[in-house]
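One-letter residues, chain by chain:
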Amino acid sequence: MKVLVIGGGAREHALCRSLSLDPDVTALHCAPGNAGIAEVAELHGVNALDGTAVAELAAGLAADLVIVGPEAPLVAGVADAVRDRGIPVFGPSAEAAQLEGSKAFAKDVMAAAAVPTARSYVCTTPAEVDVALDAFGPPYVVKDDGLAAGKGVVVTEDADEARAHALACDRVVIEEFLDGPEVSLFAITDGESVVPLQPAQDFKRAYDGDQGPNTGGMGAYSPLPWADPKLVDEVMDTVLQPTVDELRRRGTPFSGLLYAGLAITSRGVRVIEFNARFGDPETQVVLARLKTPLAGLLLAAATGTLAALPPLRWSDGAAVTVVIASHNYPDTPRTGDPIGGLADVAEEDGPKAYVLHAGTKRDEAGAVLSAGGRVLSVTATGADLTTARQRAYRAVGRISLDGSQHRTDIAAKVADAAAGEQGA
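- For the protein chain, the name recorded in an unreviewed UniProt entry is Phosphoribosylamine--glycine ligase, with Streptomyces decoyicus as its organism.
- Turning to the protein chain, the UniProt record has this under Catalytic activity (unreviewed entry): "5-phospho-beta-D-ribosylamine + glycine + ATP = N(1)-(5-phospho-beta-D-ribosyl)glycinamide + ADP + phosphate + H(+)".
- Database annotation for the protein chain, UniProt heading Sequence similarities (unreviewed entry): "Belongs to the GARS family."

## Things to note about the overall build of the protein chain
- Scanning the protein chain for helices and strands turns up 14 helices and 24 strands.
- Expected size for 424 residues packed as a compact globule is a radius of gyration near 22 Å; at 21 Å, the protein chain falls within 12% of this value.
- Taken along its principal axes, the extent of the C-alpha atoms in the protein chain is 55 × 50 × 45 Å.
- When each of the 424 residues of the protein chain is scored for burial, the buried share is 56%.
- For the protein chain, the exposed area adds up to about 16900 Å²; of that, 49% sits on carbon and sulfur atoms.

## Points about the environment of serine 102
- With respect to the secondary-structure elements, serine 102 resides in the loop between helix 5 (98-101) and helix 6 (103-113).
- Judged by relative accessible area, which is 5%, serine 102 ranks as buried.
- Separated by 69 residues in sequence, serine 102 and arginine 171 have C-alpha atoms that sit 9.5 Å apart.
- When sequence neighbours within four positions are dropped, the list of residues in contact with serine 102 reads Asp145 and Arg171.

## As for the pattern of salt bridges
- In the structure shown here, the tally under the stated rule is 24 salt bridges.
- In this structure, the salt-bridge partner of glutamate 56 is arginine 85, at a minimum N-O distance of 2.8 Å. Of this pair, glutamate 56 sits in helix 2 (residues 51-61) while arginine 85 sits in the loop between helix 4 (78-84) and strand 5 (89-90), placing them 29 residues apart in sequence.
- Overall, glutamate 56 belongs to the partly exposed group, its relative accessible area being 46%.
- Exposure remark for arginine 85: the relative accessible area of 41% places this residue in the partly exposed category.
- Here aspartate 108 makes a salt bridge to arginine 250, at a shortest N to O gap of 2.9 Å. Of this pair, aspartate 108 sits in helix 6 while arginine 250 sits in the loop between helix 9 (231-249) and strand 16 (256-265), placing them 142 residues apart in sequence.

## Quick look at the sheet that holds strand 1 (residues 2-7)
- The strand order across the open sheet formed by five strands is 3-2-1-4-5, and the pairing between neighbours is parallel. Because the sheet does not close on itself, it has two edges, and the strands there are strand 3 (42-43) and strand 5.
- Looking at chain direction, strand 2 (residues 27-32) and strand 3 are connected through two bridges and run parallel. Each residue of the ladder has a partner; that of cysteine 30, found in strand 3, is leucine 43.

## Here we look at unusual backbone geometry
- For the bond from serine 222 to proline 223, the omega torsion is 5°, close enough to zero to count as cis.
- With respect to the helices and strands, the residue proline 223 is situated in the loop between strand 15 (219-222) and helix 9.
- With an omega of 0°, the peptide bond running from glycine 350 to proline 351 counts as cis.
- Turning to its location among the elements, proline 351 is positioned in the loop between helix 12 (342-348) and strand 20 (353-357).
- Positioned with a positive phi, alanine 114 is a non-glycine residue whose angle comes to about 55°.
- The backbone of aspartate 210 sits at a positive phi, close to 55°, despite the residue not being glycine.

## Describing a negative patch on the surface
- Taken together, the side chains of Asp228, Asp233, Glu234 and Asp237 make up a negatively charged region of the molecular surface.
- Its location among the elements puts aspartate 237 in helix 9.

## Section: the packing of aromatic side chains
- Counted by the stated rule, this structure contains five aromatic pairs.
- Consider the rings of phenylalanine 90 and phenylalanine 278, whose centres lie 6.1 Å apart with planes at 35°: the pair is tilted. On the criterion of sequence distance, the pair formed by phenylalanine 90 in strand 5 and phenylalanine 278 in the loop between strand 17 (268-275) and helix 10 (282-289) is long-range, its members being 188 residues apart.
- By relative accessible area, phenylalanine 90 is classed as buried at 2%.
- Seen from their ring centres, phenylalanine 203 and tyrosine 221 are 6.1 Å apart, and the 50° between their planes marks the pair as tilted. Residue phenylalanine 203 is located in the loop between strand 12 (201-202) and strand 13 (205-207), and its partner tyrosine 221 is located in strand 15; the two are separated by 18 residues in the primary sequence. Comparing phenylalanine 203 with tyrosine 221, the two get one shared label, buried.
- Connected via pairs of aromatic rings, a cluster forms that spans Phe90, Phe186, Tyr259 and Phe278.
- It is arginine 17 that lies over the ring of tyrosine 354; its NZ or CZ is 3.6 Å from the centre.

Conventions we followed
Residues numbered from 1 in each chain as written. Predicted model: local features only at pLDDT ≥ 70, side-chain atom pairs only at ≥ 80, totals over all residues. Heavy atoms only, no water. UniProt positions renumbered as here; feature names shortened; annotations may be inferred. Helix = DSSP H or I, 4+ residues; strand = E, 2+ residues; numbered from the N terminus. Rg over C-alpha atoms; globule rule 2.2 N^0.38 Å. Buried < 20%, exposed > 50% of the residue type's maximum accessible area, 1.4 Å probe, protein only. Areas by Shrake-Rupley, 256 points an atom, 1.4 Å probe, with all protein chains shown as cover. Contact = heavy atoms within 4.5 Å. Salt bridge = Lys/Arg side-chain N within 4 Å of Asp/Glu carboxyl O. Pairing = 2+ DSSP bridges. Patch = residues over 30% accessible without salt bridge, like charges linked within 9 Å, V, L, I, M, F, W, Y side chains within 5 Å. Lys, Arg positive; Asp, Glu negative; His and termini not counted. Charge placed at Lys NZ, Arg CZ, Asp CG, Glu CD. Phe/Tyr/Trp six-rings, centres within 6.5 Å; stacked < 30°, edge-to-face > 60°. Lys NZ or Arg CZ within 6 Å of the ring centre and 35° of its normal.

Pasting the structure below:
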């Protein structure tokens, strides 16, 4: 199977890494890719948002499967352009991708499908914003209706901050605050059948102790030893399958990766948001535990044959990923700094710990430089979360990047709790 992956972040590196280990993949390509992806795939300098160019590349490569990684190309219709050329593509149409592209659209779908979610208002005027903020009170949850790279949500006790964020957006969704821990659950779907992956939890805030601004995600872990064993089945029955059924009923079937961001509240499971693609950094830990070959799974979703696949196989162990971000992330991150220690991680810690590149590039001399806000995802596996976490942070310690930042508490509480239960 010849596979083309679209995108250039750590999510795409995780996808490419898994695909490179799949014996059915005979050729692996990525556009545009990054310095790390170049080690496992052939890179192509094609604009990921240009559907025509992506479709031409896929046709020229005689690709058997195209995987569209990021949300922006999906919302821009890149999957449609590839599909129109008769090439199997993993990723929803532009219409179905509005589930992520418009939070108001997602709320409408959830209402029609009776999916449990937060009460909300869609606001386009200052007067509507004021009514919504007054209706819910603090903490205020204000979401930009459109794509914002994971940074369009403000959760604050400060009414002025909430109002300022709302007024800076063309259209916003203001909703009630959902208490309880958050869970990310991915599902592969061909528009009818739905196959859930293992749940994960990510860390959105920039600093330790869940302090600081929201980011695209500073780390993640899987599995969730504290979660109800019936959680996945419940979410399948009340969230994932009803959403897929409703989109098909509307004539906009969703084929690809449906990501449910969930809050486990005192009143039960509630959907915080939907995404139309693999999440970053949760993908890094979920794929680290997936034993079923990835290419055949995604091809089945792309060709409508998901129901024929056997159950997925998973590692019994755990995975932790820690994001290394550049100086001043998530505001205006500094780029162009050299990255050291990558070879040391590969030599000293592999294959139990490895580095997935997010924002990197090579200079003319071949040195790897930072090229974005989130630069690396250091990922590790182990028999349990404590072991995986120790391996991840040992590998992080080998990386040098001037001015970089990372959280030191990824999976710390849950690992300590699990270790305490085992010792009791």
